[in-house]
Amino acid sequence: MLPVHITDKLEEYFLEKEFAIVEADGTILLQEKSQEGKAELHCNLHEDSIVFLKPEHKVLPYLDTQKPGATACADAFIFKRQKESEKFDLHIFEFKRSVDTTKYSKIKHQFE
């Protein structure tokens, strides 16, 4: 179970459909519906986790749109709580049907 101060902040700052709290040994379905990256991934999470769904809808509007990748965002983020700790491991998901050199140059900017 996640600490109450974390769940309170999530509920304060995000809409219910923008994140999910998955308890230890729970499952969540991550989906990308665009044609470029259409995919489904069933994630079995062994620790309490926070999943941010469709984070591309939360990109900050004041980012420099002239810089390559500044407004691009991965498809999902999972913060998995470390056992017996207040620390979290971050997992970033970017769905693509295939990756060639053109797509890769765009994708790599999302992780800078």
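Draft legend 1. Inspection of the sheet that holds strand 6 (residues 88–93) at higher detail. Strand order in this open sheet of 4 strands is 1-4-5-6, and the pairing throughout is antiparallel. Looking at the sheet topology across the chains shown, the edges are occupied by strand 1 (19–22) and strand 6. Between one strand axis and the next, the sheet turns through 15° on average, direction left out of account.

Draft legend 2. Fine view of the pattern of salt bridges. All told, the structure shown has 3 salt bridges when counted by the stated rule. Here lysine 9 ties to glutamate 12 by a salt bridge, and the two come within 3.9 Å at their closest N and O atoms. Here lysine 9 pairs with glutamate 12, and both are found in helix 1 (residues 4–13), just 3 residues apart, close to one helical turn.

Definitions and limits used
Residues numbered from 1 in each chain as written. Predicted model: local features only at pLDDT ≥ 70, side-chain atom pairs only at ≥ 80, totals over all residues. Heavy atoms only, no water. Pairing = 2+ DSSP bridges. Helix = DSSP H or I, 4+ residues; strand = E, 2+ residues; numbered from the N terminus. Axes fitted to C-alpha atoms, helices over the stretch in contact; angles between N-to-C directions. Salt bridge = Lys/Arg side-chain N within 4 Å of Asp/Glu carboxyl O.

Honestly, that's just the spatial picture; any functional story needs more than this.
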